[in-house]
Amino acid sequence: MNILIVGAGLYGAVLARALAEKGHHIHIIEQRDHIAGNCFDEINKYGIRVHRYGPHIFHTANEFVIDYVKRFADWHAYRHQVRAILADGTLVPLPVNRETLRHVPKERVIDIFFRPYTLKMWGVPLEELDPSILARVPIDPDAPDDYFPKDPFVGFPIGGYTAFVEEILRHPNITIALQTLYRRGVEEAFDYCFNAMPIDAFFEFDLGRLPYRSIKFHTIDVPVARLLTHPVVNFTDDGPMTRVTEWKNFPGHGAVTAWTSLTFEEPCADHENAFERYYPVKDRDGENRALYKRYHARVPARMRFIGRTGLYAYLDMHQAISSALALADEFHHK
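Residues numbered from 1 in each chain as written. Predicted model: local features only at pLDDT ≥ 70, side-chain atom pairs only at ≥ 80, totals over all residues. Heavy atoms only, no water.

## Points about the sheet that holds strand β12 (residues 212–222)
Pairing between the strands of a sheet comes from backbone hydrogen bonds, and it takes one of two forms, parallel or antiparallel.
Argument step 1. The seven strands are arranged β8-β7-β13-β14-β15-β12-β16 in an open sheet whose pairing can be described as mixed. Of all strands in the sheet, those with a lone pairing partner are β8 (91–94) and β16 (279–280), marking the two edges.
Argument step 2. Pairing of strand β7 (residues 82–85) with strand β13 (residues 232–235) involves four bridges; the strand directions are parallel. By the bridge assignment for β13, I85 is matched with F235.
Argument step 3. Against the sheet, helix α4 (residues 109–122) makes contact with β7, β8, β12, β13, β15 (260–269) and β16, and its axis sits at roughly 100° relative to β12, the strand it touches most. (Pairing = 2+ DSSP bridges. Helix = DSSP H or I, 4+ residues; strand = E, 2+ residues; numbered from the N terminus. Contact = heavy atoms within 4.5 Å. Axes fitted to C-alpha atoms, helices over the stretch in contact; angles between N-to-C directions.)

## Topic: the packing of aromatic side chains
Argument step 1. In the structure shown here, the tally under the stated rule is 24 aromatic pairs.
Argument step 2. Ring geometry for Y182 versus F202: centroids 5.7 Å apart, planes at 50°, classification tilted. Note that Y182 is positioned in the loop between β10 (174–177) and β11 (192–195) and F202 in helix α7 (residues 199–202), a separation of 20 residues in sequence.
Argument step 3. Classification of Y182 as buried rests on a relative accessible area of 15%.
Argument step 4. Residue class for F202 comes out buried when judged on its relative accessible area of 3%.
Argument step 5. With 4.7 Å between their ring centres and 55° between their planes, Y192 and F331 make a pair best called tilted. Of this pair, Y192 sits in strand β11 while F331 sits in helix α10 (residues 317–332), and the two are 139 residues apart along the sequence. The same class applies to Y192 and to F331, which are both buried.
Argument step 6. Taken together, the ring pairs connect Y182, F202, F203, Y295 and F305 into an aromatic cluster. (Phe/Tyr/Trp six-rings, centres within 6.5 Å; stacked < 30°, edge-to-face > 60°. Buried < 20%, exposed > 50% of the residue type's maximum accessible area, 1.4 Å probe, protein only.)

## Description of unusual backbone geometry
Argument step 1. Between L94 and P95 the backbone carries a cis peptide bond, its omega angle lying at -5°.
Argument step 2. Mapped onto the fold, P95 is located in the loop between β8 and α3 (98–101).
Argument step 3. One non-glycine residue, F205, lies in positive phi territory at about 60°.
Argument step 4. Examined against the element boundaries, F205 turns out to sit in the loop between α7 and β12.
Argument step 5. Judged by its relative accessible area of 27%, F205 falls in the partly exposed class.
Argument step 6. Positive phi is not limited to glycine here, since Y312 has a value of about 50°.
Argument step 7. On the accessibility criterion, Y312 (5% relative accessible area) is buried.

## Looking at the sheet that holds strand β6 (residues 75–77)
Argument step 1. Strand order in the open sheet formed by three strands is β5-β9-β6, and the pairing between neighbours is antiparallel. Looking at the sheet topology across the chains shown, the edges are occupied by β5 (58–60) and β6. Each strand axis lies, on average, 35° off the axis of its neighbour in the sheet, ignoring direction.
Argument step 2. As defined by bridge partners, β5 adjoins strand β9 (residues 153–157) across three bridges and the pair is classed as antiparallel.

## Topic: the pairing of β13
Argument step 1. By the alternation rule, side chains of β13 split into V232 and N234 and V233 and F235, which are all buried.
Argument step 2. Sheet analysis places β13 next to strand β14 (residues 243–246), joined by three bridges and oriented antiparallel. Counterpart to V233 in the pairing with β14 is V244.

## Details of the pairing of β11
Argument step 1. The two faces of β11 match: Y192 and F194 on one face and C193 and N195 on the other face are all buried.
Argument step 2. As defined by bridge partners, strand β1 (residues 2–6) adjoins β11 across four bridges and the pair is classed as parallel. Of the residues in β11, the one forming a bridge with V6 is N195.
Argument step 3. As paired elements, β11 and strand β17 (residues 303–305) share three bridges and run parallel to each other. The residue bridging F194 from the neighbouring strand is R304, located in β17.

## Thoughts on α10
Argument step 1. Taking 1.5 Å per residue, 16 residues should reach 22 Å; α10 reaches 23 Å between its end C-alpha atoms and fits that length.
Argument step 2. Listing the buried residues of α10 in full gives M317, H318, A320, I321, A324, L325, L327, A328 and F331. (Expected span 1.5 Å × (residues − 1).)

## Quick notes on the side chain of N273
Argument step 1. Of note, N273 is situated in the loop between β15 and β16.
Argument step 2. According to the relative accessible area criterion, N273 is buried, its value standing at 18%.
Argument step 3. At 3.0 Å, the side chain of N273 forms a polar contact with the backbone oxygen of I215.
Argument step 4. When near neighbours in sequence (up to four residues on either side) are disregarded, N273 contacts S214, I215, K216, C268 and Y278. (Polar contact = N/O pair within 3.5 Å; in protein donor to acceptor, adjacent residues only side chain to side chain.)

Shown next, in the form of structure tokens:
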């Protein structure tokens, strides 16, 4: 079959490769000027690898996914340790563990770590969010100093995510057109379409917009060897930034000693950032999900929506890969 995929992010790339290997011919259109979606990375002028859309740390316990990603890249092994900075400058581990609780009483954990972060990240008080969001960050005195303790595979592709996705897309049955917007009806020239664009945008928002949180990234270059003890430090204050990443502290992200590059993250509503959509808003009452379902019920017969904005769901990279591979098998055997 001749298949159109809208979007050259990780989900679209994995789906394209899987379908191409099954004999289908795939054409991908991508509105950005690069592949790899939000995991796109590049080397800056100081020789430091920077992730343009915030830090992406690959982690999984799924052996099938581990075998898959090893097909297309060798990997830097890594264990992710995060610090939060308190009002007095003390750095403590996150998630909260025994060492954190030496500096912050347990009854103050919510107010110091979660309440200000939630307000900045989601733009609403903690009480207005779906409880499952808070449940993702447990408080466990016995927790190890490891952000992904249950995932045996954590790391970065040697050569970067962009090269990793480029290798996935390297197949004679795949063609790609960058800086190409979806135009209504373009799918009519194909047997089927997998669409990663925002589902509400496809329907021209006629039922209303699905809200997202966005991030403004502020990157600075500093003429010193290193500033932070850890790659990622979260802020606990009531200022606009949620965290900072010092890129060269990740393995394989730069060995230069004269400069370092840091990116500060400032959450905002998507309409405050040119409708760059990063995080679907999971409201307590489920109104946003209900609106998504109303859009989904109208999807054309020869089209299926995929990816974070097509499904209106938060997807980690390993989840995007496993979902795309399952979808390719399901589609091919229909």
